[in-house]
Amino acid sequence: VVTLYLRGHALARPLRLLDALAVAAGLILLRTPIALRDPSFQLSFVAALTLAAVARAPAPPPGGLRRLTAWVWQGLRSSAWVAATTAPITATAFGQIAWGGIVGNLVVAPLLELLVLPVALAAMLLADLIPAAEGIAEALTNIAGHVAAFADDLAAGIAAAAPSLDVAAPSRFELVLAGLALVAGLAWQADRLAARATAILIGGAAVLAVGSRALPGAPPAFTEVTFVDVGQGDAAIVELPSGEVWLIDAGGNAGAPTLDAATAP
């Protein structure tokens, strides 16, 4: 995204952040289409799109303290929106919602992105381009490692103070409902008449969806089978209409004792 943005300015064709994100996502998916189902891909691009949608740069208020307060408030607001938009993904993929990330994004992420990543890249470039600077490259690598370790300890402290919430994986309906609510909220943030009208329409659709959810319905009359690449073959996850879930994996050591499904933890 940064490369696309800089090239656009170099060619006097400025690129919007949303356009750069779209091109970057398209290039990744063109090379690896399965990345669309990768939680890391989903989290990265959803977080970036959220920041592009909600981040604002208002005129700084007078006074150093008021300016700092406004900056912290804007950061917390944007981080809270990121936590909200990525919550359905973390709930689905990991069964957790990490609400401590609202603060962690403001404290830990800058250390990694503004210090660890640039210093580590500089060390790699020095080692490759200037063999005589190997000592400097090693020193930079150590600095990056110490800062990364500090950031890891800081993240662990935030996680201990604000532990993740364990939640059940949301259903497709709940994911759609959450998506509608988040889109409505982001549209409302735009503070334009058309955007607010869109938010009202989406909110109405969400209400209708809740009403349809309350109506009795027949259980799904199909069996879903998902094949997962586990490195040495494929595991199969079988989800039955009755609610049962089977995990079939032929990996492991030949002749090893089997674990009865009834006694599995």
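Computed from a predicted structure; not experimentally measured.

Reading the values: rules and limits
- Residues numbered from 1 in each chain as written.
- Predicted model: local features only at pLDDT ≥ 70, side-chain atom pairs only at ≥ 80, totals over all residues.
- Heavy atoms only, no water.
- Helix = DSSP H or I, 4+ residues; strand = E, 2+ residues; numbered from the N terminus.
- Buried < 20%, exposed > 50% of the residue type's maximum accessible area, 1.4 Å probe, protein only.
- Contact = heavy atoms within 4.5 Å.
- Areas by Shrake-Rupley, 256 points an atom, 1.4 Å probe, with all protein chains shown as cover.
- Expected span 1.5 Å × (residues − 1).
- Pairing = 2+ DSSP bridges.
- Axes fitted to C-alpha atoms, helices over the stretch in contact; angles between N-to-C directions.
- Core = buried A, V, L, I, M, F, W, Y, C linked by side-chain atoms within 4.5 Å.
- Phe/Tyr/Trp six-rings, centres within 6.5 Å; stacked < 30°, edge-to-face > 60°.
- Parallel < 35°, antiparallel > 145°, perpendicular 65-115°, else oblique.
- Nonpolar A, V, L, I, M, F, W, Y, C, P; charged D, E, K, R; others polar.

Asker: Got a minute to help me understand the overall build of the protein in this structure?
Answerer: Counting its regular elements, the protein contains eight helices and five strands. Taken from the N to the C terminus, the helices and strands of the protein come in the order α-α-α-α-β-α-α-β-α-α-β-β-β. Here the protein holds 265 residues, and the buried ones make up 20% of them. Counting only contacts in the protein whose residues sit at least 6 apart along the sequence, the fraction spanning at least 24 positions is 50%. For the protein, the computed accessible surface area is about 18500 Å², with 69% contributed by carbon and sulfur atoms.

Asker: Any chance you could explain helix H6 (residues 134-161) here in plain terms?
Answerer: In an α-helix, one full turn covers 3.6 residues, which means residues spaced three or four apart are oriented alike. For H6, built from 28 residues, the straight-helix expectation of 40 Å at 1.5 Å per residue is met to within 8% by its first-to-last C-alpha distance of 41 Å. Listed as buried for H6 are Ala137, Ala144, Val147, Ala151 and Ile158. Turning to H6, the residues buried within the fold contact helix H5 (101-129).

Asker: Could you clarify how one ought to interpret the side chain of threonine 85 in this entry?
Answerer: With respect to the helices, strands and loops of the structure, threonine 85 is situated in helix H4 (residues 64-94). Overall, the relative accessible area of 9% leaves threonine 85 in the buried class.

Asker: What exactly am I supposed to notice about the environment of alanine 161 here?
Answerer: The topology assignment puts alanine 161 in helix H6. What makes alanine 161 exposed here is its relative accessible area of 65%.

Asker: How should I be thinking about the sheet that holds strand E4 (residues 234-239) in this particular structure?
Answerer: The strands that make up a sheet are held in pairs by hydrogen bonds between backbone atoms, and each pair lies either parallel or antiparallel. Spatially, E3-E4-E5 is the arrangement adopted by the three strands of the open sheet, whose pairing is antiparallel. Bordering the open sheet on either side are strand E3 (224-229) and strand E5 (245-248), each of which pairs with just one other strand. Neighbour-to-neighbour, the strand axes of this sheet turn through a mean angle of 15 degrees, independent of strand direction.

Asker: What is the right way to read the nonpolar core from this model?
Answerer: When a protein is soluble and globular, its nonpolar side chains tend to lie buried together. Judged by nonpolar contacts, Val108, Leu111, Val116, Ala144, Val147, Ala151 and Ile158 together constitute the single largest core of seven residues. Among the secondary structure elements, those contributing two or more residues to this core are H5 and H6. At four residues, H6 tops the list of elements feeding residues into this core. Among the nonpolar cores identified, the runner-up in size contains six residues, and Leu21, Ala24, Phe41 and Phe45 belong to it.

Asker: Can you help me understand the pairing of E5 in this one?
Answerer: Moving residue by residue along a regular strand, the side chains alternate between the two faces of the sheet. By the bridge criterion, four bridges tie E4 to E5 in an arrangement that is antiparallel. Bridging from a neighbouring strand, alanine 236 pairs with isoleucine 248 of E5. Following E4, the chain reverses through five residues before pairing antiparallel with E5; glycine 243 in that reversal takes a positive phi of roughly 100 degrees.

Asker: Can you walk me through the packing of aromatic side chains in this structure?
Answerer: Inspection of every chain in the model, using the stated rule, returns one aromatic pair. Ring centres 4.7 Å apart and planes at 40 degrees place the aromatic pair phenylalanine 41 and phenylalanine 45 in the tilted group. Linking phenylalanine 41 with phenylalanine 45, this pair stays in helix H3 (residues 39-54), spanning four residues, or about one helical turn. According to the relative accessible area criterion, phenylalanine 41 is buried, its value standing at 11%. Given the relative accessible area of 14%, phenylalanine 45 is considered buried.

Asker: Before we go on, may I ask you to explain the packing of helix H2 (residues 17-31) against H3 in this structure?
Answerer: A pair of packed helices can be characterised by two numbers: the angle between their axes and the separation between those axes. The contact between H2 and H3 brings their axes to 10 Å, and the two run at 170 degrees. In terms of axis orientation, H2 runs roughly antiparallel to H3. Contact with H2, carried on its side by Leu17, Leu18, Leu21, Ala24, Ala25, Ile28 and Leu29, involves Phe41, Phe45, Ala48, Leu49 and Ala52 of H3 and no other residues of that element. Here the contact of H2 with H3 is composed, by residue class, of twelve nonpolar, no polar and no charged.

Asker: Could you clarify how one ought to interpret the pairing of E4 in this entry?
Answerer: As judged from the six bridges shared by E3 and E4, these two strands associate in the antiparallel manner. Bridge pairing in E4 places phenylalanine 227 opposite alanine 236.

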